[in-house]
Every structure is written in C-alpha cells, then in structure tokens.
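# Examining the three-dimensional arrangement
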Amino acid sequence: MTIYEYGTENDKNVLFIATAALEPYWAFQKQAETLGRDYHVYAVAADGHENSPCRK
C-alpha cells in the first residue's frame, strides 16, 4: 500500500482511496491532483503497481 499526498499547504483534508479492481493508481492520479488544489489529499493506493510511471 502506498500513500501519496497532494496540496499539503491546504488546511482541509480528504482521504482518497484508489482501488485497483479495474484500474491502477495512475488512472486516478489527475483527480487526486485536482482535489489537491483545494484540499490536503491523502491518496491511498493498494494496487500492486508500485513501479508505475506516475509513482511519486
């Protein structure tokens, strides 16, 4: 399991859980980044794609 953070400068928190039943984490990354504009996002990925090209 990997936890990514976006928008760490924001006060409001959001827990974003990206499951990989059908899609790997990078398929959800843009949505988490967009939420990071207004929120401190904790994106939890348990997809087994740790070597994704989008890994932070």
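Residues numbered from 1 in each chain as written. Predicted model: local features only at pLDDT ≥ 70, side-chain atom pairs only at ≥ 80, totals over all residues. Heavy atoms only, no water.

## Remarks on the packing of aromatic side chains
Enumeration according to the criterion identifies two aromatic pairs in this entry. Measuring from ring centre to ring centre gives 4.3 Å for Y4 and Y25, while their planes differ by 5°; the resulting arrangement is stacked. Taken together, the positions of Y4 in strand β1 (residues 2–6) and Y25 in the loop between β2 (13–18) and α1 (29–35) put the pair 21 residues apart, joining distant regions of the chain. Among the residues examined, Y4 registers a relative accessible area of 6% and is labelled buried. Taking the relative accessible area as the measure of exposure, Y25 reaches 3% and is therefore buried. Pairing F16 with F28 gives two aromatic rings, centres 6.4 Å apart and planes at 65°, and the pair type is edge-to-face. Remark: F28 occurs in the loop between β2 and α1 and F16 occurs in strand β2; sequence separation between them is 12 residues. (Phe/Tyr/Trp six-rings, centres within 6.5 Å; stacked < 30°, edge-to-face > 60°. Helix = DSSP H or I, 4+ residues; strand = E, 2+ residues; numbered from the N terminus. Buried < 20%, exposed > 50% of the residue type's maximum accessible area, 1.4 Å probe, protein only.)

## Some words on the sheet that holds β1
Read from one edge of the open sheet, three strands run β1-β3-β2, paired in mixed fashion. The open sheet is flanked by β1 and β2, the only strands paired with a single partner. Averaged over all pairs of adjacent strands, the angle between strand axes in this sheet comes to 20°, irrespective of strand direction. Across five bridges, β1 lies against strand β3 (residues 40–45) in antiparallel orientation. (Pairing = 2+ DSSP bridges. Axes fitted to C-alpha atoms, helices over the stretch in contact; angles between N-to-C directions.)

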